[in-house]
Amino acid sequence: MTLQGLNGAYALAHHLSFAAGPGGLPCVQVRNAHAAAVVSLYGGQVLAYRPVGAEADVLFLSEQASFDAGKAIRGGVPVCWPWFGHDPKGLGRPNHGFARIRLWSVLRTGTTPAGDTQVTLGLVDTPETQAIWPHAFELTLQITVGTTLRLALTTRNTGNAPFEITQALHSYFTVGDIAQTTVTGLHGCHYTDNAASAGGAVKQQTGAVRFTSEVDRIYTEVPPELAVEDAALQRTIGIRSEGTRTAVVWNPGAALAAGMADLPDEAYQRFVCVETANAGDEVLSVPAGDEHRLVAHIGLKGWCPASA
């Protein structure tokens, strides 16, 4: 559908419109009394979210991000699906699956009684996806933009047999200085350390997560509430999750960032990924006709609710 067609069918006065975004990709532009946000239909990916009064965007988007078809966008909240990480079968399929490099459809838009703006995007199987991953599915992402940002990713198995997935809402959060940033809520949790120097060792977290070099960890049996404590920007980002027992914490560090074409060398200092996920050993089996919902509810301190 063209931008004109999208605006004719789904635009909401004083809330939501469609326009060409970076690289000419179609984007949803949201602005309401509570916040502003940008969502790329390519990848079904939130690129920006900024509550009214916030001094900096909650989400990080690389200045060198690629906006070309077939390539992932570095930043925002990529949707990793139907697998997280490397191709689990070693067939050379894309890292983190194919959802983040496909054009999603707009299913509906609307507002809530609280004045939040909602847009629901969808992705379904096609002959092309069947050639990569031979299963029938309906994937929806409901995005609610208000004083908090709520993402609800629902996987529905429309086939005749169960299938397995891993997945993540791969949130990139803006921070003032990674050296002054900690992630709290994971004390006592075990994690698989996937940093280059760790070799996949299983360890236990003590205290807050701190960043002095590459951090690439899958945590297990995590609590539903985590936080990014950002001393440089003097703010806390709260993350509340549903439908998950794992979380991923990632920052590439200086050495890895220097080799990434879509990330400035120093940009690792300005973000941290705390990902709401079903990853590692948390492999989901979705029966035929059934569904699974993964939710991330994100907000600045004082705005993240006690329940999603």
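Residues numbered from 1 in each chain as written. Predicted model: local features only at pLDDT ≥ 70, side-chain atom pairs only at ≥ 80, totals over all residues. Heavy atoms only, no water.

As for the side chain of D87
Inclusion rule: Starting at the N terminus, helices and strands are each numbered in turn, a helix being any DSSP run of H or I of at least four residues and a strand any DSSP run of E of at least two. The definition of a polar contact used here is a pair of N or O atoms within 3.5 Å, where within protein one atom must be able to donate a hydrogen and the other to accept one, and adjacent residues in sequence count solely through side-chain atom pairs. Any two residues whose heavy atoms approach within 4.5 Å at even a single point are treated as in contact.
On the secondary structure map, D87 appears in the loop between β5 (79-80) and β6 (105-111). Side-chain polar atoms of D87 contact the backbone nitrogen of G92, separated by 3.2 Å. Within the local environment of D87, its side chain forms a polar contact with the side chain of R93, the two groups lying 2.6 Å apart. With residues near it in sequence (within four places) discarded, D87 still touches G92, R93 and N95.

Some points on the pairing of strand β3 (residues 35-40)
Within a regular strand, the side chains alternate between the two sheet faces. Let me state the cut-off plainly: Burial classes: relative accessible area under 20% of the type maximum marks a residue as buried, over 50% as exposed, and values in between as partly exposed (1.4 Å probe, protein chains only). A pair of strands counts as paired when DSSP detects no fewer than two bridges linking them.
β3 sits mainly inside the fold: five of its six residues count as buried. Between strand β2 (residues 26-31) and β3, which pair antiparallel in sequence order, lie three residues. Linking β3 back to strand β4 (residues 45-51) in an antiparallel pair, the connection comprises four residues, with G43 at a positive phi of about 90 degrees.

Overview of the sheet that holds β3
This is how the line gets drawn: Interaxial angles span 0 to 180 degrees and are taken between N-to-C directions of axes, which are lines fitted to C-alpha atoms, for helices over the stretch in contact.
Strand order across the open sheet formed by four strands is β1-β2-β3-β4, with antiparallel pairing between neighbours. Because the sheet does not close on itself, it has two edges, and the strands there are β1 (16-20) and β4. When strand polarity is set aside, the average angle formed by the axes of neighbouring strands in this sheet is 20 degrees. Judged from the six bridges that link them, β3 and β4 form a sheet pairing that is antiparallel. Of the residues in β4, the one forming a bridge with V38 is A48. Where helix α1 (residues 3-10) meets the sheet, its contacts fall on β1 and β2, and the angle it forms with β1 comes to roughly 175 degrees.

Topic: the nonpolar core
Put simply, the rule reads: Side-chain atoms within 4.5 Å are what join buried Ala, Val, Leu, Ile, Met, Phe, Trp, Tyr and Cys residues into a set we call a nonpolar core.
Within the largest apolar cluster, 82 residues are counted, with the highest numbers of intra-cluster contacts made by I143 and F173. Per-element tally for this core: the top contributor is strand β8 (residues 137-145), with five residues. Apart from the residues within four sequence positions on either side, I143 is in contact with V39, V46, T117, Q118, V119, L121, L149, R150 and L151.

Brief notes about unusual backbone geometry
A cis amide bond links W81 with the next residue in sequence, P82, at an omega value of 5 degrees. In this structure, P82 sits in the loop between β5 and β6. The backbone of H96 shows a phi angle near 65 degrees, a positive value even though the residue is not glycine. Checked against the element boundaries, H96 lands in the loop between β5 and β6.

So, the pairing of strand β22 (residues 291-300)
Among the 10 residues in β22, eight count as buried, and that is most of the element. When strand β9 (residues 149-157) meets β22, the two strands line up antiparallel, connected through eight bridges. Residue L149 lies in a different strand from β22, and its bridge partner there is I298. Note that strand β18 (residues 235-242) and β22 share six bridges and pair antiparallel. Residue pairing for β22: R240 is matched across the bridge by H297.

Any link to function would need more than the numbers given here.
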